[in-house]
Amino acid sequence: FIIVGGEARGTTLKCLKFPSGSAAGNCAGHQKRVVACDVAKGPKLIVGASEDFKVSLHKGPPVGEYAVPTMLSYHTNFVNDVRFAPDGSKFASCSTDRTVCIVDSATQQVIHTLTDHEASVLQLSWNKEGTEIVSCGSDKTIRFWDVASGKQTSCVTVGPNPEDMQQSVCWIPKTNEIISVSLPGYMNVWEKGATTPKAILRGHAKPCVGLAAIGDKFYTGDYTGTLVAWEVGKGPMEKGFSGALPTTMACLAGGKKYIATVGMDDKVFLIPTETLVGGPFVIVKGGGKDISVPSSGDGPIGCLVISEGVLTAVGPDCTVIAEMKFETGQKGESVAVNADGSLIAYCVEITGSAGEIYFAKIEGGKFVPVGEKITLLTSAHKMEFNQEGSILLVGETSRRISFFSVPSGEKLPGGGIVHSARVDGVCWTPDGKYGVTGGLEGNIGVWLPTEKGEYRRYKGAHRAGITGIGVTACGTIVSTGGDNAIISWSL
């Protein structure tokens, strides 16, 4: 049998047969969404926890059509989790009212109410003997409890920051290890009695919005604001991001000194790559459709952010140093800056979906035009200068890849169409020999600026499209996409 909790068509808790999936009874009683459920391995019992502040106990599976549940109201706020002991003789529940309750399955009487948590208790788990419980919550702690006495035996404070809130916890019977999940989605592996995790597994639970490759490291971010630092061939770095970090993310870019993000809340963060500690932010007008960082990090520009109506330059101290509003009929699309920040390229979409690329530099707190504009059939969705700043790689919304000499704007022979949808990522190999692109359809293309057509093509690199691509110092291509995955490729 499978027990399913939730809220659909008036049913909050349902019993299904496995593997057929046919109905084996509805568990009535709750008035709001069921957020947790469990089945006893001994007696035939089902337990459910709901946002109506109640815990329900049902005989089954299967559940009779006219079966009457036992409704327990010992919590005073949302019940977040409920779990049977291994032998089914007891069950425990935890709640936003900051308590954990241990209940006798036969009599439905509360044996112990555990009250040491200082904020919402979000999940709990039993050890394999059924003698101890581990719980976690918004107070950033993992607490261990003795079932017989109802006393706390130990408490581990994961950290002082908001991202240290623990959302989930599980006691692994085979290894006797404890796994907890932090607010950004990091998995912490603990040994019983330890005060620090033996391992932290970092990754993304939501689709990534960008990737920045810098030296032998690269950095990824997803739309919830979670940032992860990686080392090629090793996985997530031991040191992760900390401090004041974004809570949403629309775009990400990076250079040797800074990782820059812009969120859907219009906040721009500049995070030093040396410390990975977030701090001040600046709010830019109109948010951001694209962001770019000078790779050297030595100039006066920390990052450039473009929105539909405004191009903004942000200094290393996270203050706005220049701002330019686009003319009527122009919509900002993408931006790129060369290694030292001395030349900026930005693309605007004009009437008829055509695109125009302009070059500029910053003087006296203003954007000053440089050279001639480049006219495209469609706007450039992503752009990137090579390391010398002599060639601009352009990926258009119409799938086309182009190379332009800078600052003359002369179109080079390289490029073509390998993508079947919008180009969502472009970058260069460190030696500047190849341009690398990724598309919404999930393909990767490798190009020579001087030769027409692609040099290499990787089909179906990401099932849900590519949202970020980069090349590390050793020549490894790294990509990420809507499938939450990060993949490395050898050229």
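What counts and what doesn't
- Residues numbered from 1 in each chain as written.
- Predicted model: local features only at pLDDT ≥ 70, side-chain atom pairs only at ≥ 80, totals over all residues.
- Heavy atoms only, no water.
- Helix = DSSP H or I, 4+ residues; strand = E, 2+ residues; numbered from the N terminus.
- Buried < 20%, exposed > 50% of the residue type's maximum accessible area, 1.4 Å probe, protein only.
- Contact = heavy atoms within 4.5 Å.
- Pairing = 2+ DSSP bridges.
- Axes fitted to C-alpha atoms, helices over the stretch in contact; angles between N-to-C directions.
- Phe/Tyr/Trp six-rings, centres within 6.5 Å; stacked < 30°, edge-to-face > 60°.
- Lys NZ or Arg CZ within 6 Å of the ring centre and 35° of its normal.
- Polar contact = N/O pair within 3.5 Å; in protein donor to acceptor, adjacent residues only side chain to side chain.
- Patch = residues over 30% accessible without salt bridge, like charges linked within 9 Å, V, L, I, M, F, W, Y side chains within 5 Å.
- Areas by Shrake-Rupley, 256 points an atom, 1.4 Å probe, with all protein chains shown as cover.
- Salt bridge = Lys/Arg side-chain N within 4 Å of Asp/Glu carboxyl O.
- Lys, Arg positive; Asp, Glu negative; His and termini not counted.
- Charge placed at Lys NZ, Arg CZ, Asp CG, Glu CD.

A. Spatial organisation of the overall build of the protein. Secondary structure summary: the protein contains zero helices and 48 strands in total. Expressed along its principal axes, the backbone C-alpha trace of the protein runs to roughly 85 × 45 × 45 Å. Counting all 491 residues of the protein, 53% fall into the buried class. A sequence separation of at least 24 residues applies to 40% of the contacts in the protein between residues at least 6 apart.

B. Expanded view of the pairing of strand β13 (residues 132–137). Most of β13 is tucked away: six of the six residues are buried. Of the two faces of β13, the one carrying Glu132, Val134 and Cys136 and the one carrying Ile133, Ser135 and Gly137 are both buried. By the bridge criterion, five bridges tie strand β12 (residues 121–126) to β13 in an arrangement that is antiparallel. The residue of β13 that forms the bridge with Gln123 is Cys136.

C. Structural view of the sheet that holds β13. Spatially, four strands are ordered β12-β13-β14-β15 in an open sheet, and the strand pairing comes out antiparallel. Two strands lie at the open edges of the sheet, namely β12 and β15 (151–157), each paired on one side alone. Going across the sheet, the axis of each strand differs from the next one's by a mean of 20°, ignoring polarity. Looking at chain direction, β13 and strand β14 (residues 141–146) are connected through five bridges and run antiparallel. In the sheet register, Ile133 faces β14, and the bridge partner there is Trp145.

D. Representation of the packing of aromatic side chains within the structure. Tallying each qualifying case throughout the model produces 11 aromatic pairs. Ring geometry for Tyr458 versus Trp489: centroids 5.2 Å apart, planes at 45°, classification tilted. One end of the pair, Tyr458, is in strand β45 (residues 454–458); the other, Trp489, is in strand β48 (residues 486–489), and 31 residues separate them in sequence. One aromatic cluster is present, built from ring pairs that chain together Phe326, Tyr346 and Tyr358. Over the face of the ring belonging to Tyr186 we find Arg202, whose NZ or CZ atom lies 5.2 Å from the ring centre. Over the face of the ring belonging to Tyr455 we find Arg456, whose NZ or CZ atom lies 4.4 Å from the ring centre.

E. Looking closely at the side chain of Ser334. Tracing the chain through its elements places Ser334 in strand β34 (residues 331–337). Overall, Ser334 belongs to the buried group, its relative accessible area being 0%. Of the polar contacts made by the side chain of Ser334, one reaches the backbone oxygen of Ala380; its length is 2.6 Å. With sequence-adjacent residues up to four places away left out, Ser334 is seen in contact with Asp290, Ile306, Ala345, Tyr346, Cys347, Ala380, His381, Lys382 and Met383.

F. Spotlight on a positive patch on the surface. On the surface, Arg399, Arg400, Lys411 and Lys452 cluster together into a positively charged patch. Following the sequence through the fold, Arg400 ends up in strand β40 (residues 400–405).

G. Structural detail: the pattern of salt bridges. Scanning all chains against the criterion turns up 15 salt bridges. Between Glu132 and Lys192 there is a salt bridge; the shortest N-O distance is 2.9 Å. Highlighted residues: Glu132 in strand β13 and Lys192 in the loop between β18 (187–191) and β19 (199–201), separated in sequence by 60 residues. Using a relative accessible area of 17% as the deciding quantity, one classes Glu132 as buried. Taking the shortest distance from any N to any O, the salt bridge between Lys373 and Glu356 comes out at 3.1 Å. Linking Lys373 in strand β37 (residues 366–376) with Glu356 in strand β36 (residues 355–363), this pair joins segments that are 17 residues apart in sequence.

H. Spotlight on the sheet that holds strand β4 (residues 34–39). Pairing in this open sheet of four strands is antiparallel, and the strands run β4-β5-β6-β7 from one edge to the other. Every other strand in the sheet has two partners, leaving β4 and β7 (70–72) as the edge strands with one partner each. Along the sheet, successive strands turn relative to each other by an average axial angle of 20°, direction set aside. Judged from the five bridges that link them, β4 and strand β5 (residues 45–50) form a sheet pairing that is antiparallel.

I. Structural view of the pairing of strand β43 (residues 435–439). Most of β43 sits inside the fold, with five of its five residues counted as buried. Here β43 shows no split at all, with Gly435, Thr437 and Gly439 on one side and Val436 and Gly438 on the other all buried. As judged from the five bridges shared by strand β42 (residues 423–428) and β43, these two strands associate in the antiparallel manner. If you follow Val426 over to β43, its bridge partner there is Thr437. Bridge count for β43 against strand β44 (residues 444–447) is four bridges, and the pairing is antiparallel. Across the sheet, residue Val436 finds its bridge partner in β44, namely Val446. Linkage of β43 to β44, two consecutive antiparallel strands, is achieved through a turn of four residues, within which Gly442 is found at a positive phi near 100°.

J. Focus on a nonpolar patch on the surface. A cluster of nonpolar residues, Ile2, Val4 and Phe18, forms a patch on the protein surface that exposes about 290 Å² of accessible area. Counting through the fold element by element, Phe18 comes out in the loop between β2 (11–16) and β3 (23–26). Among the residues examined, Phe18 registers a relative accessible area of 62% and is labelled exposed.

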